[in-house]
Amino acid sequence: MPTVEARPGPFTFAETSTALLVIDMQRDFLEPGGFGESLGNDVSQLRRTIAPLAAFMTTWRAAGLPIIHTREGHLPDLSDCPPAKLERGAPSKRIGDPGAFGRILIRGEYGHDIIDELRPAPGEAVVDKPGKGAFYATELQDLLEKGGIRSLLVAGVTTEVCVHTTVREANDRGYECLVLADCVGSYFPEFQRVGLQMIAAQGGIFGWVADSTSVRL
Ligand code: TIU
């Protein structure tokens, strides 16, 4: 069983019961012109995660271990999008509005899909979620139970929003989570730093944190 030198202490996982969970590495969050930028964010802050995560996914796949991808987005009729979420963002650049990559954060649109660099391999699960957390209104828990998964290595964007919500939810459900610091990103450097501290503080209040290079299979 690999042990990772993590914060606040060693994280040990069994390869047979661990999945890599890659959160929302979608064009709408990472590419200029997408939803993330429409909210006034600097997408370049997220793009530093792409190279380390691509390398880690290659290693993880080579070991024959499972990857689960998520995508945040909504049905074309927006019936699964709460009003307050719809009203966010600059006028005419809100969820469902036409953007550079199709309708913003709508399932089936080009911008909603995962960036080319991190495209899911055939057979890897892709979980579509309407919320920030990956458990709410999705099949994720069922997938994990059927796969016998007890631990998660977590990557993706954004650290303080969808990654945090998902890791908190996973922790409450009994999954042990190691967040890969170099493979999660925030639009805000301060939130990245504090977001990671929040996970590992208080003896690892809802998880562990380490760089992907610390994981040796
Ligand atoms: N805006 C922001 O920081 N994040 C999101 O809207 N979604 C995710 O974090 N995936």
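Because the structure is a prediction, the values reported are computed rather than measured.

Asker: Could you give an account of the side chain of Lys129, naming the residues involved and the relevant values?
Answerer: Note on placement: Lys129 falls in strand S7 (residues 125–129). A residue is classified by how much of its surface remains accessible, and Lys129, at 0% relative accessible area, is buried. A polar atom in the side chain of Lys129 sits 2.7 Å from the side chain of Asp24.

Asker: Quick one: what's the story with the nonpolar core, residue by residue and with numbers?
Answerer: By size, the foremost hydrophobic cluster in this structure holds 37 residues, and its most contacted members are Leu20, Leu153 and Leu178. Within the residue set of this core, elements represented by two or more residues are strand S3 (18–23), helix H1 (27–30), helix H4 (50–62), strand S8 (151–157) and strand S9 (176–185). For this core, the leading source of residues is H4, giving 5 residues. The contact partners of Leu20, leaving out residues within four places of it in the chain, are Phe56, Met57, Trp60, Pro66, Ile67, Ile68, Leu153 and Leu180. The next biggest cluster of nonpolar side chains, apart from the first, holds 26 residues, and it includes Val127, Phe135, Cys162 and Val167.

Asker: Give me the packing of aromatic side chains: which residues, what numbers.
Answerer: A full pass over the atoms with the stated rule returns 8 aromatic pairs. Consider the rings of Phe29 and Phe35, whose centres lie 6.1 Å apart with planes at 70°: the pair is edge-to-face. Of the two residues, Phe29 and Phe35, both sit in the buried class. Between Phe101 and Tyr110, the aromatic rings sit 6.1 Å apart at their centres with planes inclined by 55°, giving tilted as the arrangement. Sitting over the face of the ring of Tyr110, Arg27 holds its NZ or CZ atom 3.6 Å from the ring centroid.

Asker: Help me get a handle on the site of the ligand, residues and values and all.
Answerer: Taken together, Asp24, Phe29, Glu72, Lys132, Val157, Thr158, Val161, Cys162 and Tyr187 make up the full set of residues adjacent to the ligand. The contact in question runs from a nitrogen atom of the ligand to an N or O atom on the side chain of Glu72, over 2.9 Å. In this structure, an oxygen atom belonging to the ligand sits 2.9 Å away from a side-chain N or O atom of Lys132. In the complex, the protein chains occlude 92% of the 290 Å² of accessible area that the ligand would expose alone. A breakdown of the residues in the shell around the ligand according to their chemical character gives 5 nonpolar, 1 polar and 3 charged.

Asker: Residues and numbers for the packing of helix H7 (residues 159–172) against helix H8 (residues 189–204), please.
Answerer: Orientation of H7 relative to H8, taken along the N-to-C sense of each, is 10°, at an axis distance of 10 Å. Relative to H8, the element H7 lies roughly parallel. The handedness of the crossing between H7 and H8 comes out as right-handed. Only Phe191, Gln192, Gly195, Leu196, Met198 and Ile199 of H8 make contact with H7, whose side of the interface consists of Thr159, Glu160, His164 and Arg168. The class makeup of the residues in the contact of H7 with H8 is 4 nonpolar, 4 polar and 2 charged.

Asker: Give me the pattern of salt bridges: which residues, what numbers.
Answerer: One pass over the structure, following the stated rule, counts 13 salt bridges. Here the salt bridges do not stand alone but share partners, grouping Arg27, Asp116 and Arg119 into one network.

Asker: I'd like a description of the side chain of Glu124, backed by residues and values.
Answerer: Summarising the element assignment, Glu124 is placed in the loop between strand S6 (102–103) and S7. Look at Glu124 and you get buried, because its relative accessible area is 16%. A polar atom in the side chain of Glu124 sits 2.7 Å from the side chain of Arg61. A polar side-chain atom of Glu124 sits 2.7 Å from a polar atom in the side chain of His69.

Asker: Account for the sheet that holds S3, naming residues and giving values.
Answerer: With parallel pairing, the 6 strands of this open sheet are ordered in space as S7-S4-S3-S8-S9-S10. Strand pairing shows two members of the sheet lacking a second neighbour, S7 and strand S10 (208–210), which therefore form its edges. The sheet shows a mean angle of 25° between the axes of neighbouring strands, direction not considered. With 3 bridges joining them, S9 and S10 adopt parallel strand pairing. In the sheet register, Val179 faces S10, and the bridge partner there is Val209.

Criteria and cut-off values
- The residue numbering used here restarts from 1 in each chain and proceeds along that chain's sequence as written.
- Only residues with pLDDT of 70 or above have their local features reported here, since the model is predicted, and side-chain atom pairs are shown and tallied only from 80 upward, although totals for entire chains, interfaces and linings are computed over all residues.
- Side-chain measures here rest on the full set of heavy atoms in the structure, leaving out hydrogens and waters.
- Helix and strand definitions here come from DSSP, where helices need a minimum of 4 consecutive H or I residues and strands a minimum of 2 consecutive E residues; each element is numbered from the N-terminal end.
- The cut-offs for exposure are 20% and 50% of the maximum accessible area for each residue type, with area from a 1.4 Å probe on protein chains only; residues under the lower value are buried, those over the upper are exposed, and the others partly exposed.
- Contacts described as polar in this section are N or O atom pairs within 3.5 Å, which, within protein, must combine one atom able to donate a hydrogen with one able to accept it, while residues neighboring in sequence count only if both atoms come from side chains.
- Definition used in this section: a nonpolar core is a set of buried Ala, Val, Leu, Ile, Met, Phe, Trp, Tyr and Cys residues joined via side-chain atoms within 4.5 Å.
- Contact definition: two residues touch when any of their heavy atoms are within 4.5 Å.
- Think of it this way: a Phe, Tyr or Trp ring, Trp meaning its six-membered ring, pairs with another when their centres are within 6.5 Å, and the plane angle makes it stacked under 30 degrees, edge-to-face over 60, tilted otherwise.
- Lysine and arginine charges are scored as sitting over a ring when NZ or CZ, respectively, is within 6 Å of the ring centre and within 35 degrees of the ring normal.
- A cutoff of 4 Å decides nearness: a residue is near a molecule or strand if any of its heavy atoms lies inside that distance of it.
- The protein chains shown are the only cover counted for residues, whose accessible areas, like all others here, come from Shrake-Rupley with a 1.4 Å probe.
- When residue character is reported, Ala, Val, Leu, Ile, Met, Phe, Trp, Tyr, Cys and Pro are called nonpolar, Asp, Glu, Lys and Arg charged, and the others, Gly included, polar.
- To get an axis, a line is fitted to the C-alpha atoms, and for a helix only the part in contact is used. The angle between two axes follows their N-to-C directions and goes from 0 to 180 degrees.
- The scheme is simple: roughly parallel for angles under 35 degrees, roughly antiparallel for over 145, roughly perpendicular for 65 to 115, oblique for anything else.
- Left-handed describes a crossing whose near helix is turned anticlockwise from the far helix through less than a right angle; right-handed describes the clockwise counterpart.
- We define a salt bridge as a contact between a side-chain nitrogen of Lys or Arg and a carboxyl oxygen of Asp or Glu at a distance within 4 Å.
- Pairing between two strands requires that DSSP report at least two bridges joining them.

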